[in-house]
Amino acid sequence: MSDQLEKLLAKREKAQKRIEIEELKIRQYQYIENKRARKARTRKLIQKGALLDKYFETESLSADETESLLKTFANYVNSNKPGKYKKDSPE
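Counting of residues starts from 1 at the beginning of each chain's written sequence and follows it residue by residue. A pLDDT threshold of at least 70 governs which residues receive local features in this predicted model, and a stricter bar of 80 or more applies before side-chain atom pairs are shown or counted, although totals over entire chains, interfaces and linings include all residues. Derived side-chain values reflect all non-hydrogen atoms in the structure, with water molecules and hydrogen atoms excluded from consideration.

Draft legend 1. Representation of the overall build of the protein. What the protein contains, in helices and strands, is two helices and zero strands. Our radius of gyration looks at C-alpha atoms and nothing else; its globule reference is 2.2 Å times the residue count to the power 0.38. Its C-alpha atoms give the protein a radius of gyration of 27 Å, more than 25% over the compact-globule value 12 Å for 91 residues. Overall size of the protein, expressed as C-alpha extent along the three principal axes, is 80 × 35 × 15 Å. For the protein, the proportion of its 91 residues judged to be buried stands at 3%. Per-residue accessibility takes into account occlusion by the displayed protein chains alone, with areas from the Shrake-Rupley method and a 1.4 Å probe. Surface accessibility of the protein: about 9000 Å² in total, with carbon and sulfur atoms responsible for 55%. Side-chain charges in the protein split into 22 positive and 15 negative, and the spacing between the mean points of these groups amounts to 5 Å. Each helix is a run of DSSP H or I of at least 4 residues and each strand a run of E of at least 2, with the numbering of both proceeding from the N terminus. A simple rule labels every residue: compare its accessible area, found with a 1.4 Å probe on the protein chains alone, to the largest value its type can have, and call it buried under 20%, exposed over 50%, or partly exposed in between. Counted as positive: Lys and Arg. Counted as negative: Asp and Glu. His and the chain ends are not counted at all. Note that the charge is assigned to NZ on lysines, CZ on arginines, CG on aspartates and CD on glutamates.

In structure tokens form, the structure reads like this:
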């Protein structure tokens, strides 16, 4: 009986190690996916910021001044935005 118990305990330990390895792989995959998502978001923000600087000539403005400028025109732009650029657009 003792021999059988030892075999079962060894099997259990081996299974535990396999579970730990798989959990590590899952955490690594999640880290990589999160990193990719962050990089994509960062790239998108940089591109939009560059376009803002290009078309509104905001290079010399501080972040607060840029926000104030955008707030000034936000209502006008949002109310006159073509349908395809609106959030709830079916396209």
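Still to come is the rest of the account.
Draft legend 2. Seen up close, the environment of Leu 24. Structurally, Leu 24 is set in helix 1 (residues 2-56). On the basis of relative accessibility, which here comes to 40%, the residue Leu 24 falls in the partly exposed class. Placed 39 residues apart in sequence, Leu 24 and Ala 63 show a C-alpha to C-alpha distance of 41 Å.

Draft legend 3. Molecular detail of the side chain of Thr 58. Counting through the fold element by element, Thr 58 comes out in the loop between helix 1 and helix 2 (63-79). Judged by relative accessible area, Thr 58 falls into the buried class, the value being 2%.

Draft legend 4. Representation of helix 2 in the model. Expected span, for any helix, means 1.5 Å times one less than how many residues it has. The first and last C-alpha atoms of helix 2 sit 24 Å apart over 17 residues, in line with the 24 Å expected at 1.5 Å per residue. Residue Phe 73 marks the point of greatest curvature in helix 2, where the axis turns by about 45 degrees. We define the bend at any residue as the angle between the axes fitted to the seven residues before and including it, ending there, and the seven starting there.

Draft legend 5. Molecular detail of the pattern of salt bridges. Each reported salt bridge corresponds to a side-chain nitrogen of Lys or Arg within 4 Å of a carboxyl oxygen of Asp or Glu. Taken as a whole and assessed by the stated rule, the structure comprises four salt bridges. Between Lys 17 and Glu 13 there is a salt bridge, with the nearest N and O atoms lying 3.8 Å from each other. Note that Lys 17 and Glu 13 are positioned in helix 1 at a spacing of four residues, about one turn of the helix. On the basis of relative accessible area, Lys 17 is assigned to the partly exposed category, the value being 49%. What makes Glu 13 partly exposed here is its relative accessible area of 48%. For Glu 33, the salt bridge goes to Arg 36, with nearest N and O atoms at 2.7 Å. You can see Glu 33 and its partner Arg 36 sitting in helix 1, three residues apart, about one turn around the helix.

In short, shape yes, function no, at least from these values alone.
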